[in-house]
Amino acid sequence: MTNVNLYRQKLVARKQELSERLEQLEDVLDDPKSQDFSEHAVESEFDEVYESQGRAGLKEMAAIDAALERVEKGEFGICASCGNTISKERLDAVPYAALCRNCMS
Ligand SMILES: [Zn+2]
């Protein structure tokens, strides 16, 4: 029996952490002072790194939201593809995993 509540707490905590990080990233990207920098090329490369981090963060947020939805539906820990139970090891590593190891590969 999977301890769903424990994973739920993990997911909520991770979501909180992510949204704080995304806010910080937004602050960096929106900083109007950066427009005055002389090294524009360096700046925009810098922005790209932050943007890709932001995109990865948003993707993870969506995965966490979907996992929390599965918790509500009582489907958490069940593979969305084959319906088998997702192993505890996998959920410990990736609490928002929607697929079992077999279906991932
Ligand atoms: Zn599966």
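Here the residue index of a chain counts from 1 through its sequence in written order. Totals for whole chains, interfaces and linings use every residue, but because this is a predicted model, local features are given only for residues with pLDDT of at least 70 and side-chain atom pairs only at 80 or more, for both listing and counting.

### Here's the deal with the overall build of the protein chain
Helix and strand labels come from DSSP, where a helix needs a run of H or I of at least four residues and a strand needs a run of E of at least two; each type is numbered from the N terminus. For the protein chain, the helix and strand inventory stands at 4 helices and 0 strands. When the helices and strands of the protein chain are listed from N to C terminus, the series reads α-α-α-α. Neighbour density around each residue's C-beta defines its exposure: 20 or more other C-beta atoms within 10 Å make it buried, 12 or fewer make it exposed, and counts between make it partly exposed, where C-beta atoms are placed from the backbone. Residue burial in the protein chain is summarised as follows: out of 105 residues, 11% are buried. In the protein chain, the proportion of contacts linking residues at least 24 apart, taken out of those at least 6 apart, comes to 53%. We call two residues in contact when the distance between their C-beta atoms, placed using the backbone, is within 7 Å.

### With respect to the nonpolar core
Each nonpolar core comprises buried Ala, Val, Leu, Ile, Met, Phe, Trp, Tyr and Cys residues, the members being joined through C-beta atoms within 7 Å. Membership of the largest hydrophobic core is limited to 10 residues, which are Tyr 7, Leu 11, Ala 67, Phe 76, Cys 79, Ile 86, Leu 91, Tyr 96, Ala 97 and Cys 100. The residues contacting Ala 67, other than those within four sequence positions of it, are Leu 11, Phe 76, Pro 95 and Tyr 96.

### So, the environment of Lys 88
Structurally, Lys 88 can be placed in helix α3 (residues 88-93). Take Lys 88: there are 12 C-beta atoms within 10 Å of it, and that puts it in the exposed class. Separated by 85 residues in sequence, Lys 88 and Asn 3 place their C-alpha atoms 9.4 Å apart.

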